[in-house]
Structures are given as C-alpha cells and as structure tokens.
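Tertiary structure, described
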Amino acid sequence: MNFHLRTALTVLLVAATGPGLAQQVTDSVAPEAATEGTTAFGALSEAAAASLSAKDAGTPVEAQDWMVAAANPLAVEAGARVLREGGTAADAMVAVQAVLGLVEPQSSGLGGGAFLVWYDANSGEVTTLDGRETAPLEATPTLFQTEDGEPLGFFDAVVGGRSVGTPGTPALMQAAHDKWGQSDWAGLFAEAIELAEGGFTVSPRLAGMVAGDADRLGRFRATQEYFFPGGTAIAEGDTLTNAAYANTLRLIAAEGADVFYTGPIASDIVATVRTAAGNPGVLSRSDLALYEVKEREPVCVTYRAHDVCGMGPPSSGALTVGQILGMLESYDLAALGPDSAEAWRLIGDASRLAFADRGLYMADTDYVPMPTQGLVAPAYLAERAQLLQGDDALPEVSAGSPEWDHAMQLAPDESLELPSTSHISIVDSYGNALSMTTTIENGFGSRLFVRGFLLNNELTDFSFRTHADGRPIANRLEPGKRPRSSMAPTIVLRDGMPTLVFGSPGGSRIIGYVAKTIIAHVDWGMDVQQAVAMPHLVNRFGTYDVEEDTSATDLAPALTELGFEVGARALTSGLHAIAIGETLTGGADPRREGIALGE
Ligand code: GLY
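Residues numbered from 1 in each chain as written. Predicted model: local features only at pLDDT ≥ 70, side-chain atom pairs only at ≥ 80, totals over all residues. Heavy atoms only, no water.

Per an unreviewed UniProt entry, the protein chain goes by Glutathione hydrolase proenzyme and derives from Marivita hallyeonensis. The heading Pathway (unreviewed entry) in the UniProt record of the protein chain holds the text "Sulfur metabolism; glutathione metabolism." (UniProt positions renumbered as here; feature names shortened; annotations may be inferred.)

This is how it looks when you write it as structure tokens:
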C-alpha cells in the first residue's frame, strides 16, 4: 500500500531534542511487570520475539503493509494472522479482543466496554463507535451513597454487583465487524478458543496483579477458583486453561453477539450480579436486551496542521486532550524542547484548566446538556491560553465559560478513576485504521467472574455524589446513562490522511499520556517508540505527577520552584501506537507487555 510521506521536520526535530528526557526514553522507564523475553508468553513467532527485542532496545517496529499493536504478544499474533490473510482492521480487532479477554483478563474483555475510532480508507471519513456500559434501569442516583448520603468508599462500591454496568464490548465487536469486517465472524474466535482450551502461559503482569489482589479476588468463589486453583495463586509461566471462556466464545462465534445479550449468558450475568455476596447489584435481563452500540460524531481539533480525532461524550478523552492541545497551540513547545521546565509548566497548567472544564461540564450528552462545541472552539481556547502567559504555576484554576445555549449551574464532579484498561491500534493493508480503548475499569473490574470472564465495575466512573452546594453534577448516575470516561482512542490526520493511531489505558491520566505522546511526536520529533516510552509528567488537578525512577524526576525541583506540588509515582500507561508515513512504524509501551507487529 502507499502510505504518504511523513514530514521531514520530524527527522530534524529528533536531532534537535538533545539529551535528558528525550535521550532517556529507551531505558529509563520502570515497567510494572517486566517483559522478560519470549518465554514469558510461551511460544511466540520469530517476528513477535523480534518485536519484543525491538521494544527492549527502544526502536520502533517497521512494516509496509499492515500493523497491529496491543498489550499482549499472543493477542497481537492473533490479530496479525487475520491481517496477513487479508482481513480488515475490524476483523483483526475481534481476534485481538477475544485473546486479550483471556490472557489479560484484568484489563478488558467481554464483560466490559470500549470506544472505537475508525478511519475509512475508501471514504476518508472518521467514525466513532460507543460501546460504553450503561447504568441499569433499576439503578438510583444514590447507588454509591451510604444511608447518610455520603459517598461509599471506592472499593466498597467496586467489589461486587453494585458497580456492574451493562457490558458493551461484545456488541461493539459485532457492530465493527458488521460495518467494516470481511472475514468470517466465527473464524475470528478460533485462536482465542484454542488458547483457552489448550492453555496459555500466564504472563508476569497477570501473575503479579493476581498476587496483589488476593483479598478482593478471594471474595467470590468462581473468581477464587479460576485465579487460585487449588488455593494457590496462578504464577508466571503456568499454563492456564479456561474452558468456560472457550464455550462462551463458541456461542458468540456461532450465533453472534446477540446471544450474549439475550440467552443463557445474559441470565448468568444477571444472576451473578444480583446475588453477589455482600454487595449485590441491580442489572437485569432488560438492561442487556436493550443494550445498543451508538455511532457518534468524532471530536476533532486542529493542532499544528494536524487534525486530532477521537471519541466524544460520554468520553471526556478527545475533548480534554483537544483542549490541552488547543491551549498549547500558540506556544512554541518545539523550541522549548522536552527538557524545559517552561514547556512542562505550560503543559501542566493547560491540563489543569482542561480538567477543570472536564469536571464541571463533561458527561453523557444523551442525559445532560453539554457545551461540546464551545469547549473546543478556537476562540474559547485562545482565551483560556492567555491564562498561561505568566511565569509561574497558576495559583488557582477553575472552569471557564465556553459558548453554550444552556445556562446551567453545575457543580464539579468528584469521580475517582484508577488505572487499568487496554489499548489496541491497527492499520490494515487497505489503509483503514482502528484505534480502540477497551476496559473493565479497575484491575479485575468488579471481581465477579462468570462463564470465563470478569464483569466490569464501570459504574464507579460516575460521580458518587449527585449534587454539591445544591447544584447537580453532570456526571451523576442516572438509569440507562453511560458513565463519563477518560478513554481517548485517537487517530491523528494530516491533509485528511492518518498519520498516527494510538491510545492508552491509565484512568484519567490517559488524557495526559495521550496529549504528551502527540507533543512528543509532533513537536519534539520523537519516533513512536520514543514517544510512548518517554518518561511521564502528568497534571490533572494540580499535583504534578512525575514518573518515579526516570529522568522526569529531574524536573521536579524546577516545577516545585514554579509553584507546583510535585510527587513522584509509578505511572503505568499502556500506549500502543502506529505512525503512518512512507512505511508503518509501531511502538509499544515498555511499562506493559505489548508489542507492535507488522509486515
Ligand atoms: N474506566 C476508565 C475510563 O473509562 O476512563
């Protein structure tokens, strides 16, 4: 296929970035779970093993025709086989997601939800699909409050049936395949079924997370039996089978995703949620039967002659990333470079301003009015950008007043999102591009395990409070509503052609990871592997998180001097990116276990 030329400026800027953050991108991050060569994942193809080595060496993977990048080599290989045989990116996504649900069950799967951004090579159009979970129709706005009207503790809400929303991922897989697939649907599950029945190698990350969550996973018998067979936690290198998952996939393969929403799988999900010991939920058969994937308008903003396109409400992802970039547009980040505290002052305060708007306005627009266009209107962002003109960190940040034909008095949101989730990027040999972020919310979701997969806790992405100071909170829980997300699956275009396909897990830090990756690639000229590996500095609500044990901490004194509160911590993104230029180049986040693979 003919991919257009990437700008020569990129190469020049790589040379200009100099030492420091830019130089450390290949060796400075501390993976939460190390990717220790091919044995960590069982038998891998030579190409997959080479991709793992490339990631370790900090170099991008290169290909001519197609590419897939995701969080586990076994899942990537399943997608690669589909693409090699002429399948589309939508076909490959079904195969990747089916395997991810088995080998990375803590992050995404049939029991969760996802957002998908699609670039269509034939029409040149970008489409977004919303497969977000919905609140049960029986849910009340006070679902996450005590009898006194106070918010429940986070894990009191998460663990059990109360937090489970209607899963959207199976319907999204089906909808994407119906729209853009051309491979036989049933065949796309073959590899996942084979791995589930024959056994897969437990990865270091999965084993580590199981060991770290023993108390919560141990609360429910089915979950305990799967992750602690015979009473012992599954360990790295174990071969694990999941016959129940194979059977679930066989049903979906044979009958389509409808079987998940109306048949015995739906009955089992509902029974598991409603009888969850100590914390039952209210999901019903009607919620599943009524579930719909929604096609929505993409949100696109212009940044340095690129169009950055992603998922609009109920995700805050594209809007908040778009606000950050829109405010930074008038500042010369390229000249400042990645080691400049001034560059990070601008990025940090632009993020704080954007998060203030996010907390006040952003929610599911099927339920609440929202100034969607106003939030990314160039004039509004230019006005907000003027606030960045000082020399120090902003002493205070509050939401702005975007143009809006409603005059609602809202209160800021208080929802807490902890990092988990997974991201899939695919470019097929026809030139289509797919960017999908997929989740069951917290690691291991609600901890409820049914028919071989975990159920989400996505409802805890709603604000636990409904009102503050007598004013309603936009992201309050309402029956049927979709909780606000931070997921930001992104496709960047230039002159109408895709140049970068990527996204990340990480709760509300996703927004910072995604904005930073665009800046690293576009302003600082880093290749995709450098851009995803670069140490993180993320500011959401004021505290500047710098990635511990990396060169990002070198900036801490200067940022403190500027007036930021700075804290070093692990920042476990899972960026998977494909840059489209003369060739395809792929990058996989060294903080997770994924790879990019292409031909
Ligand atoms: N649950 C993570 C998100 O949707 O942002």
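Moving on, there is more to tell.
Some details on the overall build of the protein chain
The number of helices and strands found in the protein chain is 22 helices and 23 strands. Computed over C-alpha atoms, the radius of gyration of the protein chain comes to 22 Å, within 12% of the 25 Å expected from 2.2 N^0.38 for 599 residues, which places it in the range of a compact globule. For the protein chain, the spread of C-alpha atoms along the principal axes amounts to about 60 × 60 × 45 Å. For the protein chain, the residues scored as buried account for 65% of the 599 residues in total. Contacts in the protein chain between residues at least 24 apart in sequence constitute 75% of all its contacts with a sequence separation of at least 6. Taking the average location of the 36 positive side-chain charges in the protein chain and that of its 75 negative ones, the two points are 5 Å from each other. (Helix = DSSP H or I, 4+ residues; strand = E, 2+ residues; numbered from the N terminus. Rg over C-alpha atoms; globule rule 2.2 N^0.38 Å. Buried < 20%, exposed > 50% of the residue type's maximum accessible area, 1.4 Å probe, protein only. Contact = heavy atoms within 4.5 Å. Lys, Arg positive; Asp, Glu negative; His and termini not counted. Charge placed at Lys NZ, Arg CZ, Asp CG, Glu CD.)

Quick word on the packing of aromatic side chains
Overall, the coordinates contain 15 aromatic pairs when judged by the stated rule. Between the aromatic rings of Tyr 261 and Tyr 291, the centroid separation amounts to 5.8 Å while the plane-to-plane angle is 15°, which identifies the pairing as stacked. Placement of the pair is Tyr 261 in helix H12 (residues 258–262) and Tyr 291 in the loop between helix H14 (285–290) and strand S7 (294–296), with a sequence separation of 30 residues. Here Tyr 261 matches Tyr 291 in class, with each residue buried. Summarising the aromatic geometry, the rings of Tyr 361 and Trp 404 are spaced 5.7 Å apart at their centres and angled 90° between planes, so their arrangement reads as edge-to-face. Of this pair, Tyr 361 sits in helix H17 (residues 341–361) while Trp 404 sits in the loop between helix H19 (378–385) and strand S10 (422–427), placing them 43 residues apart in sequence. With a relative accessible area of 7%, Tyr 361 lands in the buried category. An aromatic cluster of at least three residues, connected via ring pairs, comprises Tyr 226, Phe 227, Phe 444 and Phe 449. If you follow Arg 216 out to its NZ or CZ, it ends over the ring of Phe 155, 3.7 Å from the centre. (Phe/Tyr/Trp six-rings, centres within 6.5 Å; stacked < 30°, edge-to-face > 60°. Lys NZ or Arg CZ within 6 Å of the ring centre and 35° of its normal.)

Some words on the side chain of Gln 174
By the element assignment, Gln 174 lies in helix H6 (residues 169–180). In contact with Gln 174, not counting residues within four places along its chain, are Trp 185, Gly 256 and Ala 257.

Regarding the site of the ligand
The immediate surroundings of the ligand are formed by 8 residues, with Glu 441, Glu 458, Asp 461, Ser 485 and Ser 486 found nearest. At 2.8 Å from a nitrogen atom of the ligand is found a side-chain nitrogen or oxygen belonging to Glu 441. Take Ser 485: an N or O atom from its side chain is 2.6 Å from an oxygen atom of the ligand. Calculation on the ligand without its partners gives an accessible area of 200 Å², and the protein chains cover 100% of this total. Across the shell around the ligand, the residue classes break down as 1 nonpolar, 2 polar and 5 charged. (Near = heavy atom within 4 Å. Polar contact = N/O pair within 3.5 Å; in protein donor to acceptor, adjacent residues only side chain to side chain. Areas by Shrake-Rupley, 256 points an atom, 1.4 Å probe, with all protein chains shown as cover. Nonpolar A, V, L, I, M, F, W, Y, C, P; charged D, E, K, R; others polar.)

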